[in-house]
Amino acid sequence: SQQGEEDPQALSIQEGENATMNCSYKTSINNLQWYRQNSGRGLVHLILIRSNEREKHSGRLRVTLDTSKKSSSLLITASRAADTASYFCATDAPDSWGKLQFGAGTQVVVTP
Amino acid sequence: DAGVIQSPRHEVTEMGQEVTLRCKPISGHNSLFWYRQTMMRGLELLIYFNNNVPIDDSGMPEDRFSAKMPNASFSTLKIQPSEPRDSAVYFCASSLTGGGQTQYFGPGTRLLVL
């Protein structure tokens, strides 16, 4: 079963624009992570935000976490064609032995 | 570090044949995960090892699937006998502590069962 659900399922933007995607989850968490997957490749970790954090930045990435709403957002600023990929959120629940539950992903296409 | 290494990268086999997928985790990582990814079901965790011991295999679809980790640097996922519905991309990932820490994924094995 998938704990995280990303929204939207797909997003098409032009280079230079910002891309925002959301993740909702159902149970309490220790932390939430975002991963990127380029076509035909394995997932690559982008950023981890702990349950007691509200916002985190890494380069052009900004992640927010609202535990009261059980939701997170990933913002990619000034997007580039190389940002074209699928983006997944993954949650680590307290009683899950450290297993990550991945969502279905948001497919982002950035056109030049 | 070379990252997580998986072999083979592609496998085409016929229904009923045995398939063995291999994984070498990042040196020093003590947790290893096997995932399966399909369009229909997304990314599914099959089994999780910590310090070479299987912790949770509740995601293993059925008895045709088995996984071993004989030492800290090697794991196998075996499907016997294989069926067309096993066609998917199989990923191995490793992490340092296993407690929800960053997981490092291999490039995957694309399996096609005819």
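These numbers were taken from a predicted model, which means no experiment stands behind them.

Brief notes about the overall build of chain B
In terms of helices and strands, chain B carries zero helices and eleven strands. Secondary structure elements in chain B, listed N-terminal to C-terminal, are β-β-β-β-β-β-β-β-β-β-β. The C-alpha radius of gyration of chain B comes to 13 Å, within 12% of the 13 Å expected for a compact globule of 114 residues. A burial count over chain B gives 49% of its 114 residues as buried. Taking the intrachain contacts of chain B between residues at least 6 apart in sequence as the baseline, contacts between residues at least 24 apart amount to 55%. Counting 10 positive and 11 negative side-chain charges, chain B places the averaged centre of each group 4 Å from the other.

Notes on the interface of chain A and chain B
Every contact between the two is made by 19 residues of chain A and, on the other side, 22 residues of chain B. Approximately 1500 Å² of surface area, both sides summed, lies buried where chain A meets chain B, with 52% of it carried by carbon and sulfur atoms. Across the contact surface, chain A and chain B share zero salt bridges. Elements represented by at least two residues in the side of chain A that touches chain B include exactly β4 (31-37), β5 (43-50), β9 (85-92) and β10 (100-102) of chain A.

Let's talk about the pairing of strand β11 (residues 109-113) of chain B
Along any regular strand, the residues point their side chains to alternate faces of the sheet. All names here are of chain B. On β11, burial follows the alternation: Thr109, Leu111 and Val113 on one face are buried, whereas Arg110 and Leu112 on the facing-out side are not. The pairing of strand β2 (residues 10-13) with β11 spans four bridges and is classified as parallel. Opposite Thr13, over in β11, you have Val113 as the bridge partner. Pairing analysis gives three bridges linking strand β9 (residues 88-95) to β11, with the strands arranged antiparallel. Each bridged residue has a counterpart across the sheet, and for Val89 the counterpart in β11 is Arg110.

A closer look at the environment of Gly105 of chain A
Residue and element names in this part refer to chain A. Position of Gly105 relative to the elements: it lies in the loop between β10 and β11 (106-111). Spatially, the C-alpha atoms of Gly105 and Cys23 are 8.9 Å apart, while their sequence positions differ by 82 residues. If we skip the residues at most four places from it in the chain, Gly105 touches Glu6, Pro8, Gln9, Tyr87 and Phe88.

A closer look at the packing of aromatic side chains
The full count for this structure, using the stated rule, is eight aromatic pairs over all chains. Among the aromatic residues, those joined into a ring-pair cluster are Tyr35 and Phe102 of chain A together with Phe33, Tyr35, Tyr48, Phe91 and Phe105 of chain B.

What counts, and where the lines are drawn
Residues numbered from 1 in each chain as written. Chains lettered and ligands numbered in written order. Predicted model: local features only at pLDDT ≥ 70, side-chain atom pairs only at ≥ 80, totals over all residues. Heavy atoms only, no water. Helix = DSSP H or I, 4+ residues; strand = E, 2+ residues; numbered from the N terminus. Rg over C-alpha atoms; globule rule 2.2 N^0.38 Å. Buried < 20%, exposed > 50% of the residue type's maximum accessible area, 1.4 Å probe, protein only. Contact = heavy atoms within 4.5 Å. Lys, Arg positive; Asp, Glu negative; His and termini not counted. Charge placed at Lys NZ, Arg CZ, Asp CG, Glu CD. Buried area = accessible area lost by both parts, 1.4 Å probe. Salt bridge = Lys/Arg side-chain N within 4 Å of Asp/Glu carboxyl O. Pairing = 2+ DSSP bridges. Phe/Tyr/Trp six-rings, centres within 6.5 Å; stacked < 30°, edge-to-face > 60°.

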